[in-house]
Structures are given as C-alpha cells and as structure tokens.
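Observations on chain architecture
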Amino acid sequence: MRLKDNSNIELIAYSAINKEEVRALYLTWLNDIDLVQAFGPFSMLYPKDNSFIDDSFIRFSSSETIGFFIYNRDTNSYLGTCKLDKISIADRSVEIGIMIGSQAAQGQGTGKKAYALLLKYAFDVLGMNRVWGTCFSDNIGSQKLFESSKFTFEGTSRKAIYRKGLFIDNIHYSILKEEYYTK
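Within any chain, residue numbers begin from 1 and follow the written order of that chain's sequence. In view of the model being predicted, local features appear only for residues whose pLDDT reaches at least 70, and side-chain atom pairs are presented and counted only at 80 or more, with totals across whole chains, interfaces and linings using the full set of residues. Computation of side-chain values: all heavy atoms of the structure, hydrogens and water removed.

Aromatic rings from Phe, Tyr and Trp, with only the six-membered ring used for Trp, were paired whenever their centres fell within 6.5 Å, and each pair was classed as stacked if the ring planes differed by under 30 degrees, edge-to-face if by over 60, and tilted otherwise. Applying the stated criterion to the full structure yields 18 aromatic pairs. Judged by centre distance (5.0 Å) and plane angle (45°), the rings of tyrosine 14 and phenylalanine 60 are tilted. In this pair, tyrosine 14 sits in the loop between strand E2 (9-13) and helix H1 (19-30) while phenylalanine 60 sits in the loop between helix H3 (50-59) and strand E3 (66-72), placing the two residues 46 residues apart along the sequence. Each member of the pair, tyrosine 14 as well as phenylalanine 60, is classed as buried. Aromatic pair phenylalanine 69 and tyrosine 78: ring centres 6.0 Å apart, planes at 80°, arrangement edge-to-face. Its relative accessible area of 1% is what places phenylalanine 69 among the buried residues. Take tyrosine 78: its relative accessible area is 12%, and that puts it in the buried class. An aromatic cluster of at least three residues, connected via ring pairs, comprises Tyr14, Tyr26, Phe57, Phe60, Phe69, Tyr71 and Tyr78. Counting from the N terminus, the helices are the DSSP runs of H or I reaching at least four residues and the strands are the DSSP runs of E reaching at least two. Summary of the burial criterion: residues with accessible area below 20% of their type's maximum are buried, those above 50% are exposed, and those between are partly exposed, where the area comes from a 1.4 Å probe applied to protein chains only.

Structural data, given as structure tokens:
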C-alpha cells in the first residue's frame, strides 16, 4: 500500500517495501540516541540489530498497527517512518506517530505532509472517529506538528517520563473526525 497526494511525499507501507532496501538506513536511525530519545521509551536507547528490524516489520504490518516509510519522490530517498498504532475498530480510535530519521528533512514540513496523508487514510479509509498521539514536553517539533495538523491539546501527564536525569511531561493531543472536516 502506498499513500500519496500531489506533494513530493509518499508513504510506503512496511508490508509493501523491500526490507533489505531500507534495513541499513532504518537501523542507523534506530541507533541514533539523540533521535530516539526524543520520542521513544527507555528501551529504545539500547543498541538495535537486524533482529530488531525484523521484529519491527512484523509489528508494523499487523492488524493493530500500520507502519509506513516516508519517501521523498523528488530526491528518491527515505526520510523516516510513521504509523497508525493501537488500531481499535470497536472504538474507532487510533494512535498516530512519526520519526523523521533524516536530519535534513527535520523541520522542513515532512511531518505535516505525512500526518495529512495518515489522517486522510485514518478517517476516510479506516473509518476512525478519533486519532490521538503524545509527545514529550521537550519535543517542541512534535508539539508544533500536532498543533499545525489541527490536533487539540487534551492534557498533560505530569513528570511521566524520565530522560537525561530529569522528569518531563508527556503531552496528549487528539483530533476527531468532525474536527478534521471542519477545522
């Protein structure tokens, strides 16, 4: 499966991608401590190997998670990954997430384009009513991405995350189907 619009960004599902084509690049991103500590659980700080990549492809191709690689058609390069996770058909709710692995693509609107494609797919194809996500309070880029993608601030889990010797907040956002079509 591929999600695309008239922008230069295309989302290619883990299930549709040649794992060997992206393995080394993906492993580089996942072993970048500065990158993964901005969004991931503590377990993401440990070194990853090829078995982690194999497990990721299984997890991000399951019935509860659809993972995508973010691809730039203009430069023929992969820029990161994004996902729809914890898919609940019963509640019509899904978590959204993103990792821009390419430093050159960070802060360049890649996340907003990827979120636009994910939201359209979540609401129009999967029939979701609510898309939600979280980010750490020190991840200003993710906060700006949620806000520019018309998500609503829902609340804060105070000092819920321990990073770099400090407790930081986890910030919650969501967007409802009716807001997606009216905002």
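That shown, we press on.
In this model, the second largest pocket occupies a volume close to 490 Å³. A cavity, in this analysis, means grid points on a 1 Å lattice covering only the protein atoms where a 1.4 Å probe fits yet has no way out; a pocket is instead an open set bounded by protein on both sides within 12 Å along at least five of seven lines, and a residue lines either one if it has an atom within 4 Å of a point. As for the second largest pocket, its lining consists of 23 residues, of which Ile100, Gln106, Gly107, Gly141 and Ser142 are closest to the centre. Among the elements that take part in the lining of the second largest pocket, helix H5 (residues 140-148) stands out by supplying five residues, more than any other. Think of it as three bins: nonpolar holds Ala, Val, Leu, Ile, Met, Phe, Trp, Tyr, Cys and Pro, charged holds Asp, Glu, Lys and Arg, and polar takes everything else, Gly as well. Considering only residue class, the lining of the second largest pocket consists of eight nonpolar, eleven polar and four charged. Grid points are joined across faces, edges and corners, and a volume is the space filled by probe spheres set on the points.

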